[in-house]
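# Fold and geometry: a report
Here is how the chains run, residue by residue.
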Amino acid sequence: MTASSRILHPGLRQKIMSADAAAALISDGDNVGMSGFTGAGYPKAVPAALARHIERANQGGNTFRIGVWTGASTAPELDGALAQVGGIEMRLPYQSDPTCRTRINAGQMDYIDIHLSHVAQFVWFGFLGKLNVAVVEVAGVLEDGRLIPSSSVGNNKTWLDQADKVILEVNSWQPAALEGMHDVYYGTQRPPLRKPIPMVAPGDRIGEPYLHVDPAKVVAVVETQAPDRNTAFTPPDEASNRIAEHILDFLAHEVKQGRLPAELLPLQSGVGNIANAVLSGLNQGPFENLTGYTEVLQDGMLEMLKSGKMTMASATALSLSGEGMKEFLGNLDFYRQRIVLRPQEISNHPEIIRRLGIISMNGMIEADIYGNVNSTHIMGTRIMNGIGGSGDFARNAYLSMFMTPSTAKGGAISCIVPMASPVDHTEHDVQILVTEQGLSDLRGLAPRQRARRVIERCAHPDFRPALLDYVERAEAEGRAGRAGLHTPHLLQEALSWHTRFERTGSMRA
């Protein structure tokens, strides 16, 4: 099936043009809302054509830069291509591209790291300025102009509503059978007109399978046939498997204590190899009839649906490996009955997360001894990727877990430190910390109690004595009346582990 045969609206068929011609409709200084969420459903042709256009402008002595707004991370064909030619003035709300990261940390690109649930409403409220252009990938256009979403929904509903001009990429690589898998809710309102979102279970459908756009705003339609970026996942290593074991043991304990039902509560899992290891462990574990309410559906959750361990999963995007995508495409009729893809303003909505009682499991860069978590920065100042949706879930989940190996860089870095730099998730939002060393349940503990539990159960043995020494000396300062004893710190040393690494290449004393 060609892309042309998927463009059934007569008026929009008249607007088919090349990616280069469409890219020429984007101007210097425009804010451009691009589809895409974690390597799925991003435009494939227009960003590359725009990058070539920007490069020619730069070679001619002109400056051409735009704001790029997305759902989350995209792919080298979008973020990488535009960053490589210096074409991005401002990027939000999340990125994971190495070229973008380098330019951000070099001060050559501005970056706003936003909770993913906030983006749509920030645009509605006008907090981010005018959205000039939307570039959105879809799987097809119906006769009446309704759009079949592709492998991610993200912020596409908002981009199509708010942009002055719209460019559609109709990608015939995206399966036509995706039609019906989406649930796009058009019932949100600005305050004071907001009403409760009518969802009480992960599989509830509260909207419709299509996106809407005013055909008069569509200035170009581009035909493509190109796959999403499929990220391979490495097999779980020993540390990942041990983290998974700790989490499974904890969940079994919570069921035994009557704090969780036998089928648990809906699962949210962040992106990456550790998250997939945990899901793989759950797939082999004793729990049945599980459900998922998450942002990104990865291989691990797909395997759980296939095995029957999980009955339903809600997300805003698919982010599968090559093998995972092959499995998905080969059994699409099976999965489309068990997967719902929603806008991220719904997949990450605090009201729904709180109501459903989500079990939230996300990765982190580091945690401090009091339970504060850094998800975004290396050594305090260099952005890695961003907070993504982890804050949306951590602040509202029934159980909020963060996980990481206890060390990094071959043991030169401790991921448990005296003070996190910076803090993305405060101790008030963090309930459980997990490393391969163990699991710390911080619920009901005062700060000094949390510190000892985190050190004993999560810190690597090579760093445990130094952390305990830090706490004891900080408490001694408090007992001497020179500092407070509620959250004891040695302020002159609190970030000394990070500065030591910057100076010597290791946090070891």
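For the structure itself, consult the block above.
Summary of the structure given here. (Residues numbered from 1 in each chain as written. Predicted model: local features only at pLDDT ≥ 70, side-chain atom pairs only at ≥ 80, totals over all residues. Heavy atoms only, no water.)

### Let's talk about unusual backbone geometry
With the exception of glycine, most residues fall at negative phi, and the peptide bonds are largely trans. Cis peptide bonds are those with omega within 30 degrees of zero, and the linkage from Leu 92 to Pro 93 qualifies with 0 degrees. Within the secondary structure, Pro 93 sits in the loop between strand S3 (88-92) and helix H5 (98-105). Cis geometry is adopted by the peptide bond preceding Pro 422, which originates at Ser 421 and carries an omega value of -10 degrees. The topology assignment puts Pro 422 in the loop between strand S23 (416-417) and strand S24 (432-435). The backbone phi angle of Asn 289 is positive, close to 55 degrees, even though this residue is not glycine. Positionally, Asn 289 belongs in the loop between helix H9 (273-284) and strand S10 (290-293). (Helix = DSSP H or I, 4+ residues; strand = E, 2+ residues; numbered from the N terminus.)

### What to know about helix H10 (residues 299-307)
Residues of H10 that are buried include every one of Asp 299, Gly 300, Met 301, Leu 302, Met 304 and Leu 305, and no others. Gly 308 sits one or two positions beyond H10 and adopts a positive phi of about 90 degrees. (Buried < 20%, exposed > 50% of the residue type's maximum accessible area, 1.4 Å probe, protein only.)

### Description of the pairing of strand S2 (residues 66-69)
Within a regular strand, side chains alternate between the sheet's two faces. Here S2 shows a buried face lined by Ile 66 and Val 68 and a second buried face lined by Gly 67 and Trp 69. Both strand S1 (residues 31-34) and S2 contribute to a ladder of three bridges, which runs parallel. By the bridge assignment for S2, Asn 31 is matched with Gly 67. Where the polypeptide runs from S1 across helix H3 (residues 46-59) and back to S2, its parallel neighbour, the crossover connection is right-handed. Two strands pair when backbone bridges link them, and S2 and S3 are joined in this way by four bridges, in the parallel orientation. What sits directly across from Ile 66, in S3, is Ile 88. (Pairing = 2+ DSSP bridges. Right-handed = clockwise from strand over helix to strand, strands pointing away.)

### A word on the environment of Pro 286
In this structure, Pro 286 sits in the loop between H9 and S10. Note on Pro 286: relative accessible area 63%, which makes it exposed. For the pair formed by Pro 286 and Val 46, sequence separation is 240 residues and the distance between their alpha carbons is 47 Å.

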